[in-house]
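# Chains, contacts and geometry: an overview
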Amino acid sequence: MNFVLIISGLILLVLGGNWLLKSAVSLSLKLNISKVVVGMTVVSFATSAPELIVSINAALNGSSDLALGNVIGSNIANLGLVLGITLLFGSMSVEKNFYKLNWPVMLIASALLFLFLSNDTVVVRYEGLLLFSFLIVFLIYLLRTQKNIDLEDVESAVPLSGIKTTLYLVIGGLGLWGGSELLIKGATALALDFGVTERVIAVTIVSIGTSIPELAASIVAVIKKEKAISLGNLIGSNIFNILAVIGITSIITPISLKDERLLSSDIYWMLAISFIILPMVLLPKKFILNWRHGALLLVAYCTFIYMTL
């Protein structure tokens, strides 16, 4: 029954996030907001909505390890699982601004989260405000400096009717909230049933579940020989997970760490797998990732899961 709750919750989160994305993009275009702005802000926030709602709901319900574990586990899964599997299907070229901006920002965001947690095992409101402020500065910098931005998510989008936009917004919001309720209820009950902590469920089942949309989109793109999900998209997702999800959640309610292994083990895995991407991109052939890199990332991810369980 708990697995049914978790799977139902994940399905609702995926559908709710998709409906919210359609509504948000349509509303933004109706307001004549630039597609560049829509692609970099509205789309990014909407695609992070499932993780955000799950984390807020978990923290408000006293399950802060679910909130933290979801973000840390998702960041590890994005690079270890999603990127790893994608690279097994084919090579991926990497934009040269990767090591000048995206990768350093991801590392700084990860280091800030580690610093805040190691200080007193709590991400308090002013720390959440610092994280979110960093995100705003990052987005403003991108909007002012980036000229060639991939607008794949919004290039072909057209505004929906007012009724459809409102309907998607309401149904999407309800889907996200209902999905988060089911997911958290199932995950906490499953943890009790198996005698494990919420952190274990969060960094395995929950984080893999919230990474499924990226994985599915990536595999479909590779099979259709279209542009696969880029490294920039995955790193952008990791940046948003920390700066937006943890930032906004801790502004609403402080996130306190309960299971010490999130700090003594999981966050080190997140830092390590984030750091190792740089030498992979630069060696042996610059700005090309291949199946060998994918295999290494998958081995690292499987090792993480094995050690967690």
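Bear in mind the structure is a predicted one, so any value in this text is a computation, not a measurement. (Residues numbered from 1 in each chain as written. Predicted model: local features only at pLDDT ≥ 70, side-chain atom pairs only at ≥ 80, totals over all residues. Heavy atoms only, no water.)

Helices and strands together make up the secondary structure of the chain, namely 11 helices and 4 strands. For the chain, the residues scored as buried account for 52% of the 309 residues in total. Pairs at least 24 residues apart make up 86% of the contacts formed inside the chain by residues separated by at least 6 positions. Accessible area of the chain: about 14100 Å², with a carbon and sulfur share of 68%. (Helix = DSSP H or I, 4+ residues; strand = E, 2+ residues; numbered from the N terminus. Buried < 20%, exposed > 50% of the residue type's maximum accessible area, 1.4 Å probe, protein only. Contact = heavy atoms within 4.5 Å. Areas by Shrake-Rupley, 256 points an atom, 1.4 Å probe, with all protein chains shown as cover.)

What follows concerns the packing of helix H10 (residues 261–282) against helix H11 (residues 291–308). With their axes 12 Å apart at the nearest point, H10 and H11 run at an angle of 175° to one another. One element, H10, and the other, H11, form an angle in the roughly antiparallel class. Counted together, Arg261, Asp266, Trp269, Ile273, Ile276, Ile277 and Met280 of H10 and His293, Leu296, Leu297, Ala300, Thr303, Phe304, Met307 and Thr308 of H11 form the full contact between these two elements. Residues that form the contact of H10 with H11 fall into these classes: 10 nonpolar, 3 polar and 2 charged. (Axes fitted to C-alpha atoms, helices over the stretch in contact; angles between N-to-C directions. Parallel < 35°, antiparallel > 145°, perpendicular 65-115°, else oblique. Nonpolar A, V, L, I, M, F, W, Y, C, P; charged D, E, K, R; others polar.)

Let's shift gears to the nonpolar core. Counting 62 residues, the largest nonpolar core has Leu83, Phe98, Leu113, Leu231 and Ile277 as the members making the most contacts within it. Listed by contribution, the elements that provide at least two residues to this core are helix H3 (49–60), helix H4 (64–89), helix H5 (102–120), helix H6 (125–145), helix H8 (198–223), helix H9 (231–252), H10 and H11. Once residues within four sequence positions are removed from consideration, Leu83 is found in contact with Asn78, Met92, Leu231, Leu234, Ile277, Leu289 and Leu297. (Core = buried A, V, L, I, M, F, W, Y, C linked by side-chain atoms within 4.5 Å.)

Under the counting rule described, the total for this entry stands at 1 salt bridge. The salt bridge involving Asp266 is made with Arg199; its shortest N-O contact spans 2.7 Å. Highlighted residues: Asp266 in helix H10 and Arg199 in helix H8, separated in sequence by 67 residues. For the pair formed by Asp266 and Arg199, the shared burial category is buried. (Salt bridge = Lys/Arg side-chain N within 4 Å of Asp/Glu carboxyl O.)

Fair warning: the whole summary comes from geometry, so function is off the table for now.
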